[in-house]
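Okay, here's what each chain looks like letter by letter:
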There are 2 protein chains.
Amino acid sequence: MSEAIELRTIGYVRGGRAESIDDGWDAVTAEIALTPDFGAEALAGLDGFSHVEVVFLFNRVAESAVVAGARHPRGRTDWPKVGIFAQRGKDRPNRLGVTICRLLAVEGTTFRVAGLDAIDGTPVLDVKPCMRGFLPRGEVREPDWARELMTGYWA
Amino acid sequence: MSEAIELRTIGYVRGGRAESIDDGWDAVTAEIALTPDFGAEALAGLDGFSHVEVVFLFNRVAESAVVAGARHPRGRTDWPKVGIFAQRGKDRPNRLGVTICRLLAVEGTTFRVAGLDAIDGTPVLDVKPCMRGFLPRGEVREPDWARELMTGYWA
């Protein structure tokens, strides 16, 4: 059975886009500011990594908009109807986003990133360094629609 | 300020290791079974991907064991003391794990994976397909300790 899990925000996205737009995210820079629960030591050594992985909450998605079954990604009926766990759209159970972005600078309890697809004010639940060892082992295969969807996503 | 966020488990890890061990995870296979809140359509099309990204809770970590500042990864004093957000250890705020593993098979509301570093019974909070477009853009740099730590992690 399903169980409730209580988490706490560890920081917030500051700056970047004010509204969600589908494409062009790599040109967007934003800051992540940790909450006052943390000191600068929580980010010590992060600047040794070129990329960070950010776990965040799509908090602007209404609970009523969450899809638990299948849908066409971006409503594109020319792409197959696939399960919510076979796509990365934001209208998903628990509304979690996970994105690897470039780390630009760390200063105190704040750090600056480029290419984070989360808007100003987004609650952040975790930050992890991107380690090569955690990238996929073996060739990554994906369906055509996934490649097409990502064509303009970053650039 | 920090805010509470309530999530619900969407599934559980079944099988694999019964206890957490540091290394050799790629040889481990396990199933993820969705909770009864979901039907098979939630996984429709997932088998078009070679890899999946699993967001899970390190629920065996006691809240009192969580580190909010800095520590030596794995207690190795020959490695630098770095912030909890500059390492991927499990004793972290919100105790979230994020791992990309190989997808072996999907059947109904269950799927089988290899190389998931989560033990039997682990609560799962999200599953996303691994899309090439969500892998890091640009060269990934990391400190020497991160490379050393991962040497035997999968193999």
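Residues numbered from 1 in each chain as written. Chains lettered and ligands numbered in written order. Predicted model: local features only at pLDDT ≥ 70, side-chain atom pairs only at ≥ 80, totals over all residues. Heavy atoms only, no water.

## Observations regarding the sheet that holds strand E4 (residues 51–57) of chain B
Residues and elements named next belong to chain B.
Now for step 1: Spatially, six strands are ordered E2-E3-E8-E7-E4-E9 in a closed barrel, and the strand pairing comes out antiparallel. Neighbour to neighbour, the strand axes of the sheet diverge by 45° on average, direction disregarded.
Now for step 2: In this structure, E4 lies alongside strand E7 (residues 96–107), joined through seven bridges in antiparallel fashion. Paired with His51 across the two strands is Arg102, which belongs to E7. (Pairing = 2+ DSSP bridges. Helix = DSSP H or I, 4+ residues; strand = E, 2+ residues; numbered from the N terminus. Axes fitted to C-alpha atoms, helices over the stretch in contact; angles between N-to-C directions.)

## Let's talk about the interface of chain A and chain B
Now for step 1: Counting residues at the interface gives 75 residues for chain A, matched by 75 residues for chain B.
Now for step 2: Of the roughly 7400 Å² buried at the junction of chain A and chain B (both faces included), carbon and sulfur atoms supply 58%.
Now for step 3: Run the count over chain A and chain B and you get six salt bridges.
Now for step 4: Remark: the boundary between chain A and chain B carries 50 residue pairs in polar contact (both at pLDDT 80 or more).
Now for step 5: Looking at the side of chain A that touches chain B, the elements that each hand over two or more residues are strand E1 (4–8), strand E4 (51–57), strand E6 (82–83), strand E7 (96–107), strand E9 (123–129) and helix H1 (144–149) of chain A.
Now for step 6: With six residues, E7 of chain A is the largest single contributor of residues to the side of chain A that touches chain B.
Now for step 7: Of the residues in the side of chain A that touches chain B, the class split is 41 nonpolar, 16 polar and 18 charged. (Contact = heavy atoms within 4.5 Å. Buried area = accessible area lost by both parts, 1.4 Å probe. Salt bridge = Lys/Arg side-chain N within 4 Å of Asp/Glu carboxyl O. Polar contact = N/O pair within 3.5 Å; in protein donor to acceptor, adjacent residues only side chain to side chain. Nonpolar A, V, L, I, M, F, W, Y, C, P; charged D, E, K, R; others polar.)

## Concerning the confidence of the model for chain A
Now for step 1: Per-residue confidence for chain A gives a mean pLDDT of 96, with 100% of residues at or over 70.
Now for step 2: Model confidence for the complex is summarised by a pTM of 0.97, with the ipTM given as 0.97. (pLDDT = per-residue confidence, 0-100.)

## Observations regarding the environment of Ile10 of chain A
Now for step 1: Within the fold, Ile10 of chain A resides in the loop between E1 and strand E2 (11–14).
Now for step 2: Judged by its relative accessible area of 2%, Ile10 of chain A is buried.
Now for step 3: Sequence spacing of Ile10 of chain A and Leu104 of chain A is 94 residues, and the spatial spacing of their C-alpha atoms is 20 Å.
Now for step 4: With sequence-adjacent residues up to four places away left out, Ile10 of chain A is seen in contact with Ala33, Leu34, Thr35, Phe38, Val124, Leu125, Asp126 and Val127 of chain A together with Phe85, Pro93 and Asn94 of chain B. (Buried < 20%, exposed > 50% of the residue type's maximum accessible area, 1.4 Å probe, protein only.)

## Some thoughts on the relation of the copies chain A and chain B
The pair of chain copies shares a relation made of a rotation about an axis and a shift along it.
Now for step 1: Of the transformation superimposing chain A on chain B, the axial component is 0.0 Å and the angular component is 180°, with the fit at an RMSD of 0.0 Å. Expressed as a symmetry operation, the mapping of one chain copy onto the other fits a two-fold axis. Measuring from the rotation axis to each C-alpha of chain A, the shortest distance belongs to Glu6 of chain A, at 2.3 Å.
Now for step 2: When the interface residues of chain A are mapped onto chain B, 100% of them again lie at the interface, so the same face is used by both copies. (Least-squares fit on C-alpha atoms with pLDDT ≥ 70 in both.)

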